[in-house]
Structure formats: C-alpha cells, structure tokens
Amino acid sequence: MNALRAAAVRFLRLFRPLFGATLMLSVTNRCQCACARCAVNGGKDAGPELTGEEIKKLITEAAGLGAREVSFFGGEPLLREDLAELIGFTRGLGLRAAINSNGLLLDEAAAKELAAAGLNIAGISLDDPSPEIHDRGRGVPGLWEKAAAAARALVRNGVPVDISFCANKERLRDGRAAKMAEVAASLGARLRILSPMRAGRWDGRKDEVLTAADREILRGLLKPGRTHWVIGPVDAPETPFVCSSFDRWKVDVTAAGDVVPCTYFPAPFGNIRRESLAAIVKRMWAAPVYRDFNGAEDCPLNDPGFRSRYPGLFKSS
C-alpha cells in the first residue's frame, strides 16, 4: 500500500508539485523566550518579515501547487497581530492550518479567536514535567503554567493539541520523557516527541545526539493516537523514522522569504520575493542533498556522514 501511495503521489506531483505537502511558514523570528537550545536561526539576517499580503500570495501559490496544510511557525507566531486573519485566509483556500506556539499569549480569548478562524491543530511547547525546569530553560518565569493553560483553552474550544517535547538523553534515561506522556494526556493532548537536533544554538553539540540505545527508549514511548515522533504517522515502536523535509513532505519558508530544506537547516535555495515558490522548490528538490537521501535513523543534521557529504550547506560542523 505504501508503494502504491508513493507512486500515486509521484504521478500527481507531475501536475501539482506540492501535492500533499505542508508549507512550514515562519511568520516571525521574534520570540519572548531565550531558550538555551533554540534551533531556529534561519533567515534572521536576510531582510524584513514577510508582509501579510506577501504571505497570502505565497499561501495562494502553495494551494495551487497542491499543498494540503500551512503550519505557522516562528519565533512565536502569536506575535503577528494578523495571525487569525492568515489562518482564516488559509482555510478559505481549502488548506488545513496549524500553529506552533510557546503558549505565552494563548489565553482563552486568543484560543476562541483562533478556533473561530478555523485552526485545525496547535503545537504547544513544554520541555519538562517540572514547571521550574521548563521556565528556567526558556528564561520566562511562569511560562509552564501559561502553556498548560493554553493547551486546555484550545482543547475546550475544539482545537486538537500536540505537546511538543524535546526528549534529550537525560530525560529519556531518568523517566521524565515517559512522564511527559502523562502530562500531555492530563491536558487532553497528544505528545509530540522531538529528539535534540544539531542546529541553531546547538549546532556544535555533538554530545546531545541520541545514541541507538536512547532512540530505543524513545521508540518505546510511541503509542498510536497518544505519542508520536515528530510527525503523526510515526507513532509505533516499529515505524521507521521519517524526515518530512528530505522525504519531500514539507517545504519551509523563513520569515524573510527564504526557501530552506527545514526551519532548522537554514540553507536557502531561493527567496519568494524574487521568484516563484514553484521554481525554487523544483530546484531544491532536484539538488543532490534531496536526490541522494535514503532515509535516516534520526534527524539527518545529527548524522556526521550527512554533514560531511554536504559541507557547503553548513556554516559550521
């Protein structure tokens, strides 16, 4: 069935190049947090943020190319005053709309507004079962409680929630990662597990990359409908890891319009202010880094072999 589905997607993409893919759109680099492990560094110096009209033009093109979803990212997307308008615009084109948020601004009123705009799903970040540890790591006192309240508010208003959690070695080994599944369930949410990535402020942190044994612990936490690894379909211990970037299931655009393989991999292939998304994606997806990709056990940025094969795409290794 998977082979048949893949063949069908390849055929449909002859006519609609982004068929079934997600547009991962960073609408701002601004954020109230100062996370020690922040991996988002794409496009910060590339120019001003895309305007609302530029974003709508981009979403319209993505819809015409067959995209199925727009995921609004950041920075913190709720710092954009037009976020609800952009979500409504996305839904009006027949696409799904998602957000990823730290939860700081997502109170009951904001949850109602986003739900009314048509938001399909939200990711809320919680880094640890301990509020104190979470708040200290992000530099914002009281953030854990606000994020938990945000998740509850969204669920009350009919928006499904994923709790986004980075399962580092320590949390996997001491049981806190398992505890996070209970935390998510108590909030009426699923748990979305992220493994540490060598990106952003952690680009040089080879010591944070999970070992094979750590990945086995992580896999043991996966449960269909309750816990998944990065994307929803990877929700069982035996399910292979999927890199949605290099497997061509998403396209990332930075707040300044650069098209990059991933929000965490700021290697621009073009800018939507200067040429069409279709032209950039065609060039990007034909590049050797995509053409040669043959699966991974974890985020490819954590693989020394991957990094050594494409040194020109990395500022540092």
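Model, not experiment: these values are computed from the prediction.

### So, the overall build of the protein chain
Part 1: A count of helical and extended segments in the protein chain gives twelve helices and nine strands.
Part 2: Rg of the C-alpha trace for the protein chain: 19 Å, near the compact-globule value of 20 Å for 317 residues, within the 12% margin.
Part 3: If one aligns the C-alpha atoms of the protein chain with their principal axes, the spans along those axes are about 45 × 45 × 40 Å.
Part 4: Residues classed as buried in the protein chain amount to 55% of the 317 residues present.
Part 5: Contacts in the protein chain between residues far apart in sequence, at least 24 positions, make up 68% of those at least 6 positions apart.
Part 6: As presented, the protein chain carries roughly 14000 Å² of accessible surface, and 55% of it is formed by carbon and sulfur atoms.
Part 7: Averaging the positions of the 44 positive and the 37 negative side-chain charges in the protein chain gives two centres separated by 4 Å.

### Let's talk about the packing of helix α5 (residues 131-138) against helix α6 (residues 143-156)
Part 1: For the pair α5 and α6, the least separation of the axes is 7 Å and the interaxial angle reads 105°. It follows that α5 is roughly perpendicular to α6 by the angle criterion. Contacts between α5 and α6 involve P131, H134, D135 and R138 from the first element and L143, W144 and E145 from the second.
Part 2: For the contact of α5 with α6, the class distribution of residues is three nonpolar, one polar and three charged.

### Quick notes on the packing of aromatic side chains
Part 1: If you walk through the whole model with that rule in mind, you get nine aromatic pairs.
Part 2: Geometrically, the ring pair formed by F265 and F306 is edge-to-face, given 6.3 Å between the ring centres and 65° between the ring planes. With a gap of 41 residues between them, F265 in the loop between β9 (259-260) and α10 (277-285) and F306 in helix α12 (residues 304-309) connect regions that are remote in the sequence. Both residues of the pair, F265 and F306, count as buried.
Part 3: Linked through ring pairs, F246, F265, Y290, F293, F306 and Y310 together constitute an aromatic cluster.

### Some details on helix α8 (residues 176-186)
Given 3.6 residues to a turn, an α-helix orients residues that are three or four positions apart in the same direction.
Part 1: Every buried residue of α8 is listed here: R176, A177, M180, A181, V183 and A184. Taken end-on, α8 shows its buried residues confined to a sector of 165°, consistent with a single buried face.
Part 2: Looking at the packing, one finds that the buried side of α8 touches α5, α6, β5 (161-166), α7 (169-174), β6 (190-194) and β7 (227-229).

### A look at the state of the cysteines
Part 1: One pass over the full model with this rule turns up zero disulfides.
Part 2: Among the cysteines around C299, which has no disulfide bond, C243 carries the closest sulfur, lying 6.4 Å off.

### So, the pairing of strand β2 (residues 69-73)
Part 1: Of all the five residues making up β2, five are buried; the element is thus mostly covered by neighbouring parts of the structure.
Part 2: Where strand β1 (residues 22-26) lies against β2, five bridges are found, and the strand directions are parallel. Bridge pairing links M24 to S71 in β2.
Part 3: Summarising the sheet, β2 and strand β3 (residues 96-101) pair through four bridges and their orientation is parallel. In the sheet register, V70 faces β3, and the bridge partner there is A97.

### Points about a nonpolar patch on the surface
Part 1: Taken together, F11, L12, L14 and F15 make up a surface patch of nonpolar side chains, about 450 Å² in accessible area.
Part 2: In this structure, L12 sits in helix α1 (residues 2-12).

### Section: unusual backbone geometry
Part 1: In this model, G74 is joined to G75 through a cis peptide bond whose omega is 10°.
Part 2: Relative to the helices and strands, G75 resides in the loop between β2 and α3 (83-92).
Part 3: Residue V230 is not a glycine yet carries a positive backbone phi of 70°.
Part 4: You can see V230 is positioned in the loop between β7 and β8 (250-253).
Part 5: Notably, R248 is not glycine yet its phi reads approximately 65°, a positive angle.
Part 6: Note on placement: R248 falls in the loop between β7 and β8.
Part 7: According to the relative accessible area criterion, R248 is partly exposed, its value standing at 24%.

Analysis parameters
Residues numbered from 1 in each chain as written. Predicted model: local features only at pLDDT ≥ 70, side-chain atom pairs only at ≥ 80, totals over all residues. Heavy atoms only, no water. Helix = DSSP H or I, 4+ residues; strand = E, 2+ residues; numbered from the N terminus. Rg over C-alpha atoms; globule rule 2.2 N^0.38 Å. Buried < 20%, exposed > 50% of the residue type's maximum accessible area, 1.4 Å probe, protein only. Contact = heavy atoms within 4.5 Å. Areas by Shrake-Rupley, 256 points an atom, 1.4 Å probe, with all protein chains shown as cover. Lys, Arg positive; Asp, Glu negative; His and termini not counted. Charge placed at Lys NZ, Arg CZ, Asp CG, Glu CD. Axes fitted to C-alpha atoms, helices over the stretch in contact; angles between N-to-C directions. Parallel < 35°, antiparallel > 145°, perpendicular 65-115°, else oblique. Nonpolar A, V, L, I, M, F, W, Y, C, P; charged D, E, K, R; others polar. Phe/Tyr/Trp six-rings, centres within 6.5 Å; stacked < 30°, edge-to-face > 60°. Arc of directions from axis to C-beta. Disulfide = S-S within 2.5 Å. Pairing = 2+ DSSP bridges. Patch = residues over 30% accessible without salt bridge, like charges linked within 9 Å, V, L, I, M, F, W, Y side chains within 5 Å. Salt bridge = Lys/Arg side-chain N within 4 Å of Asp/Glu carboxyl O.

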